[in-house]
Structure formats: C-alpha cells, structure tokens
Amino acid sequence: MFNLTSFKIYRPTTTTGNKVAYADTGRTVSGRFGPEDTEFGAISGMGYGKSYRFFSMDTGVDLKEADSLVLGTDEYRVKGVQTFPHPPRHIEVSLEKIIKQ
C-alpha cells in the first residue's frame, strides 16, 4: 500500500573517512511512498523491510543517487532514479531505509 507523503531532500556535501555529511537543499518532493516487494529487495541487495519505492509527479525536482530523503525521524537513501518523460510524466525512485544504531 502506498501513502501520499512529502520528503525533505538532503544532498551529500563532504566525506571524512567513511562518514558523509548531508546538507538540507531546502526543497521537498511529494508523491506516493510504500514498501517494495520482497523479490525486488532481494534483487537489489537491500533486503526485506529496507527497500522502498517512491512515485512522484514532481518531474522538475533534482534528485540524484546518494541523496537522502527525510520524513520525520526516518531517513531513506536514494538508490536509483528513473524519469518517465511521456504522459503521465513522473519519476520513480528506489529507496533504502537507513537504520540508525
């Protein structure tokens, strides 16, 4: 089941060792968000419960792989972005949930 939601977009800025810092772009993207099926999670290597799919009609938004989408306290890493220029114009985004320890 997909829910309508809005994410804040963060972009990687600097890398120190194995840590990456992210900066708020000041932009948001809205669309439908929900869990990916188990087969896609296995194929993509993200695993069950960590892979999500996001659909948006905001085709003008600048999303790139490695960007971070934040919803409240949950963070999702952009693993892939596909733009569909034909009607209905939209983007599909593969996301991996970041588990904070």
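Residues numbered from 1 in each chain as written. Predicted model: local features only at pLDDT ≥ 70, side-chain atom pairs only at ≥ 80, totals over all residues. Heavy atoms only, no water.

A.B. asks: Help me understand empty space enclosed by the protein, please; the structure alone is not making it clear to me.
C.D. replies: Per the counting criterion, the structure on display carries one cavity of 30 Å³ or more. As a volume, the largest cavity reaches approximately 40 Å³. Considering the residues around the largest cavity, the lining is formed by Ile9, Arg11, Thr25, Arg27, Val61 and Asp62. Contributions of two or more residues to the lining of the largest cavity are made by strand E1 (3–16) and strand E2 (19–35). Along the lines of polarity and charge, the residues of the lining of the largest cavity split into two nonpolar, one polar and three charged. (1 Å grid on protein atoms, 1.4 Å probe; cavity = no way out; pocket = protein on both sides within 12 Å on 5 of 7 lines; lining within 4 Å. Points joined across faces, edges and corners; volume = space filled by probe spheres on them. Helix = DSSP H or I, 4+ residues; strand = E, 2+ residues; numbered from the N terminus. Nonpolar A, V, L, I, M, F, W, Y, C, P; charged D, E, K, R; others polar.)

A.B. asks: Help me understand the packing of aromatic side chains in this model?
C.D. replies: Each aromatic ring pair is characterised by the separation of its centres together with the angle its planes make. Per the stated rule, a full pass over the model turns up six aromatic pairs. Seen from their ring centres, phenylalanine 33 and tyrosine 52 are 5.2 Å apart, and the 15° between their planes marks the pair as stacked. Here phenylalanine 33, found in strand E2, pairs with tyrosine 52, found in strand E3 (residues 51–56); they are 19 residues apart in sequence, far enough to count as distant. Look at tyrosine 52 and you get buried, because its relative accessible area is 14%. Linked through ring pairs, Phe7, Phe33, Tyr52, Phe54 and Tyr76 together constitute an aromatic cluster. (Phe/Tyr/Trp six-rings, centres within 6.5 Å; stacked < 30°, edge-to-face > 60°. Buried < 20%, exposed > 50% of the residue type's maximum accessible area, 1.4 Å probe, protein only.)

A.B. asks: Explanation requested: the environment of lysine 97 in the structure shown.
C.D. replies: Topologically, lysine 97 is positioned in strand E6 (residues 90–97). Put simply, lysine 97 and arginine 27 are 70 residues apart on the chain and 20 Å apart in space, counted from C-alpha to C-alpha. Residue contacts for lysine 97: discarding those within four places in its chain leaves Lys50, Tyr52, Asp74, Glu75 and Tyr76. (Contact = heavy atoms within 4.5 Å.)

A.B. asks: Just to check I follow, could you spell out the nonpolar core for this structure?
C.D. replies: Nonpolar side chains in soluble globular proteins tend to end up buried together. Judged by nonpolar contacts, the single largest core of 14 residues is most densely connected at Leu63, Leu69 and Leu95. Listed by contribution, the elements that provide at least two residues to this core are E1, E2, E3, strand E5 (74–84) and E6. Here this core gets three residues from one element, more than from any other, and that element is E6. Contacts of leucine 69, omitting those with residues within four sequence positions, involve Phe7, Lys8, Ile9, Val29, Leu63, Asp74, Glu75, Tyr76, Val78 and Leu95. (Core = buried A, V, L, I, M, F, W, Y, C linked by side-chain atoms within 4.5 Å.)

A.B. asks: Mind showing me how you'd approach the pattern of salt bridges here?
C.D. replies: Note that side chains of opposite charge can pair when their charged atoms are close. In the structure shown here, the tally under the stated rule is eight salt bridges. For the salt bridge of arginine 53 with glutamate 36, the shortest nitrogen-to-oxygen distance reads 3.0 Å. Of this pair, arginine 53 sits in strand E3 while glutamate 36 sits in the loop between E2 and helix H1 (38–44); the two residues are 17 residues apart in sequence, bridging distant segments of the chain. You'll find arginine 53 and glutamate 36 in the same group, each marked buried. Ionic pairing is found between aspartate 74 and lysine 97, a salt bridge with its closest N-O pair at 4.0 Å. With aspartate 74 in strand E5 and lysine 97 in strand E6, the pair connects residues that are 23 residues apart, well separated along the chain. Given a relative accessible area of 28%, aspartate 74 falls into the partly exposed group. One network of salt bridges, in which partners are shared, links Arg11, Asp62 and Asp67. (Salt bridge = Lys/Arg side-chain N within 4 Å of Asp/Glu carboxyl O.)

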